[in-house]
Amino acid sequence: MATTTAAQRREEARAEYDAFLKSCPTNQLLDRLSDKWVSLVVSALAAGPHRYSDLARKLAGVSPKMLTQTLRSLERDGILTRTVTPSVPVRVDYELTELGRSLSLLLLAVKDWAETHIEEVWEAREQYDAGDAAAS
């Protein structure tokens, strides 16, 4: 029986990934990436490193708890790095990794699409809601 290396086993598993299956790791990753705050944090960091307080100001409506959880999950997934600079007060900067920069291209495109097409979406919602009211 031939033994396989960890890299070979990962490559074999990669060929079997199916994001449509709930148990697949790619399904779980898509769940994380589809979070509004993940999208906005990655988009904000695409412009360059930011401090926590800068991100909190830029992301209107995010609670400190949600921002902290989002940053930690993105750091764990290798999307961003957290750099602590000893000073008074301590300076903490967040920056996208190479993996995060490749993701930011996609998320910025989605953000741009939403900003470009929101009026069309509103119009479609109004038409849909008017049709529901007429059908009642």
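One structure accompanies this document, and this report is about it. In this text, all values refer to a predicted model and were calculated from it rather than measured experimentally.

**Regarding the nonpolar core**
Here comes step 1: Grouped together as the largest cluster of nonpolar side chains are 20 residues, with contacts concentrated most on V41 and V42.
Here comes step 2: Secondary-structure elements contributing two or more residues to this core are α3 (36-45), α5 (64-76), β3 (91-96) and α6 (98-135).
Here comes step 3: Ranked by residues supplied to this core, first place goes to α3 with six residues.

**Structural notes on the pattern of salt bridges**
Here comes step 1: Tallied over the entire structure, the rule returns six salt bridges.
Here comes step 2: Between R32 and D77 there is a salt bridge, with its nearest N and O atoms 2.4 Å apart. Note that R32 is positioned in helix α2 (residues 25-33) and D77 in the loop between α5 and β2 (80-85), a separation of 45 residues in sequence.
Here comes step 3: Under the relative-accessibility criterion, R32 is labelled partly exposed at 28%.
Here comes step 4: A relative accessible area of 26% means that D77 is categorised as partly exposed.
Here comes step 5: Where D112 meets K111, a salt bridge forms, and the shortest distance between an N and an O atom there is 3.9 Å.
Here comes step 6: Assessed through its relative accessible area of 40%, D112 is described here as partly exposed.
Here comes step 7: Connected through shared salt-bridge partners, K111, D112 and E115 make up one network.

What counts and what doesn't
- Along each chain, residue indices are assigned from 1 in the same order as the chain's sequence is written.
- pLDDT decides what is reported in this predicted model: residues at 70 or higher carry local features, side-chain atom pairs at 80 or more are listed and counted, and totals for whole chains, interfaces and linings draw on all residues regardless.
- Heavy atoms throughout the structure, all of them, feed into the side-chain values; hydrogens and water do not.
- To define a nonpolar core, start from buried Ala, Val, Leu, Ile, Met, Phe, Trp, Tyr and Cys residues and group those joined through side-chain atoms within 4.5 Å.
- Note on exposure labels: buried denotes an accessible area under 20% of the residue type's maximum, exposed denotes more than 50%, and partly exposed covers the range between, all computed with a 1.4 Å probe on protein chains only.
- Each helix is a run of H or I in the DSSP string that is no shorter than four residues. Each strand is a run of E no shorter than two, and both are numbered from the N terminus.
- Salt bridges are identified by distance alone: a Lys or Arg side-chain nitrogen within 4 Å of an Asp or Glu carboxyl oxygen.

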